[in-house]
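Architecture at a glance
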Amino acid sequence: MKDQIEAIQAEALARIETAGDARSLEDARVAILGKKGTLTEVSAGMRDVPKEEKAAVGQLLNAARQAITASLEGKQQAIQDAADRQALEGIDVTLPARALHHGSLHPLTIIRHDAIRILRRMGFALAEGPEIEDEFHCFDALNTPADHPARNEKDTFYFDSGKLLRTHTSSVQVRTMEGQAPPVRIIAPGSAYRRDEIDATHLSVFNQLEGLYVDTDVSLGDLKGTLEYFFHELYGPKTEVRFRPHFFPFTEPSFEIDVKLEVKGQAPRWIEVAGCGMVDPAVFEAISSSRKDPAYDPEKVTGFAFGMGLDRLAMIRWGIKDIRLLIENDARFLKQFA
Ligand code: PHE
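Note that the structure is a prediction, hence the values are computed from the model and not measured.

1. Focus: the overall build of the protein
Check the secondary structure of the protein and you find eleven helices and nine strands. Taking 2.2 N^0.38 as the reference for a compact globule, 338 residues should give roughly 20 Å; the C-alpha atoms of the protein span a radius of gyration of 37 Å, well beyond that estimate. Dimensions of the protein, computed from C-alpha atoms along their principal axes, come out at roughly 105 × 60 × 40 Å. Taking the contacts inside the protein whose residues are at least 6 apart along the sequence as the reference set, 67% of them involve residues at least 24 apart. As presented, the protein carries roughly 19,500 Å² of accessible surface, and 52% of it is formed by carbon and sulfur atoms.

Dropping the structure here:
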């Protein structure tokens, strides 16, 4: 048996030595160490070796296996090295590398992050809600009666089921109040949907960020201070901000907020950026009957709410003239934000 092992080892090492590529090396490995390989088969003979010789034969077998494995590994490395060297031949390593293309955040993402960062610093927490809403959360709870124009089929996307695509993220405010007693201080960024004709300033899907603050003694002064601070942080401390009386069904009094846009070479102009107001007691009453508790008793709590279009905020910050640029994914446009 010893002779046999030695013969197999010699034959194996010779075969490995002559293998010229990975394929024939693998064939050699299988022929030697595989299930029916020469060394495997001779190992089976250990059974019949007399007891006193077992140790010596076993040692010989192990030594053969080690020598063969080492030789296989060495040969594999040599074949790999040769292949690497060949692959490098003819490559000019002095050529300058190709530029790396790295992506960048979309302008809407940048403005959303900025807005969220500012408001979170003031203690607003993020809230979420479904984009497919029911009429209660989008309209009824927000004091928007059935004959209000916003509820018209011409303005809102309805499903056959009676559900709809939310026209604003104010529905998240309703859901938050249903689930949580005051104090509430939340912001809800998200998509909103309206059946608008698409043009340079309108899309049928846009991005909103709405906020709500409810507690005892929340005042109009809090609303004004919060939003002025917000726009100064977003657009710079010198930005002029004004509040214009307006109407929303869910707030009273209500305002629209304008910021003064100063572009070099153009006359300064006021641009509307947000709607806001003190939460209408009728909203608190709707919440109270939905919750069936007095947590939102309009005699005890007050609050303010605001909502803005992130698309609009981005257009103002970067002087983007057509809102459609924000959804066309034209790399020539987006590259400018890298
Ligand atoms: N929901 C209003 C809109 O979509 C914005 C708004 C929110 C106004 C909260 C007042 C208070 O236009």
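2. Comments concerning the environment of Thr 167
Along the chain, the position of Thr 167 falls in the loop between strand S3 (164–165) and helix H7 (170–179). Separated by 30 residues in the primary sequence, Thr 167 and His 137 have C-alpha atoms spaced 11 Å apart. In this structure, Thr 167 is in contact with Cys 138, Phe 139, Thr 156, Ala 192, Tyr 193, Arg 194 and Phe 206, ignoring residues within four places of it in sequence.

3. Some words on helix H1 (residues 2–18)
With 17 residues, H1 should reach 24 Å at 1.5 Å per residue; the first-to-last C-alpha distance of 25 Å fits that figure. For H1, the complete set of buried residues consists of Ile 5, Ile 8, Ala 12 and Ile 16. The buried residues of H1 occupy one face: seen down the axis, they fall within an arc of 65°. In H1, the exposed positions that point more than 90 degrees away from the buried face belong to Asp 3, Glu 11, Glu 17 and Thr 18. Considering only its buried residues, H1 is in contact with helix H2 (22–33), helix H3 (38–44) and helix H4 (51–88).

4. Some remarks on the site of the ligand
The immediate surroundings of the ligand are formed by 13 residues, with His 168, Ser 170, Arg 194, Gln 208 and Glu 210 found nearest. Between a nitrogen atom of the ligand and a side-chain N or O atom of His 168, the distance comes to 3.0 Å. Between a nitrogen atom of the ligand and a side-chain N or O atom of Ser 170, the distance comes to 3.1 Å. Its free accessible area being 320 Å², the ligand has 90% of it covered by the protein chains. The greatest single-element share of the shell around the ligand, amounting to three residues, is contributed by strand S9 (residues 302–309). Residue composition of the shell around the ligand, by class: five nonpolar, six polar and two charged.

5. Structural notes on the pattern of salt bridges
In total, this model carries 19 salt bridges according to the counting rule given. A salt bridge links Glu 133 to Arg 175; the nearest nitrogen and oxygen atoms lie 2.6 Å apart. Of this pair, Glu 133 sits in strand S2 (residues 132–133) while Arg 175 sits in helix H7, and the two are 42 residues apart along the sequence. For Glu 133, a relative accessible area of 1% translates into the label buried. Look at Arg 175 and you get partly exposed, because its relative accessible area is 29%. For the salt bridge of Arg 244 with Asp 258, the shortest nitrogen-to-oxygen distance reads 2.7 Å. Residue Arg 244 is located in strand S6 (residues 241–248), and its partner Asp 258 is located in strand S7 (residues 251–261); the two are separated by 14 residues in the primary sequence. For Asp 258, a relative accessible area of 2% translates into the label buried. Each of Arg 242, Arg 244, Glu 256 and Asp 258 takes part in salt bridges that share partners, so that together they form one network.

6. Some thoughts on the layout of surface pockets
Space inside the second largest pocket adds up to approximately 210 Å³. Lining the second largest pocket are Leu 234, Tyr 235, Lys 238, Thr 239, Glu 240, Val 259, Lys 260, Leu 261, Glu 262, Ile 316 and Arg 317. Grouping the amino acids of the lining of the second largest pocket by side-chain chemistry returns five nonpolar, one polar and five charged.

7. Let's talk about the domain arrangement of the protein
By domain assignment, the protein separates into domain 1 (2–88) and domain 2 (107–337). Placing a centre on the C-alpha atoms of domain 1 and another on those of domain 2 gives a separation of 75 Å.

Conventions we followed
Residues numbered from 1 in each chain as written. Predicted model: local features only at pLDDT ≥ 70, side-chain atom pairs only at ≥ 80, totals over all residues. Heavy atoms only, no water. Helix = DSSP H or I, 4+ residues; strand = E, 2+ residues; numbered from the N terminus. Rg over C-alpha atoms; globule rule 2.2 N^0.38 Å. Contact = heavy atoms within 4.5 Å. Areas by Shrake-Rupley, 256 points an atom, 1.4 Å probe, with all protein chains shown as cover. Expected span 1.5 Å × (residues − 1). Buried < 20%, exposed > 50% of the residue type's maximum accessible area, 1.4 Å probe, protein only. Arc of directions from axis to C-beta. Near = heavy atom within 4 Å. Polar contact = N/O pair within 3.5 Å; in protein donor to acceptor, adjacent residues only side chain to side chain. Nonpolar A, V, L, I, M, F, W, Y, C, P; charged D, E, K, R; others polar. Salt bridge = Lys/Arg side-chain N within 4 Å of Asp/Glu carboxyl O. 1 Å grid on protein atoms, 1.4 Å probe; cavity = no way out; pocket = protein on both sides within 12 Å on 5 of 7 lines; lining within 4 Å. Points joined across faces, edges and corners; volume = space filled by probe spheres on them. Domains from an automatic or database assignment.

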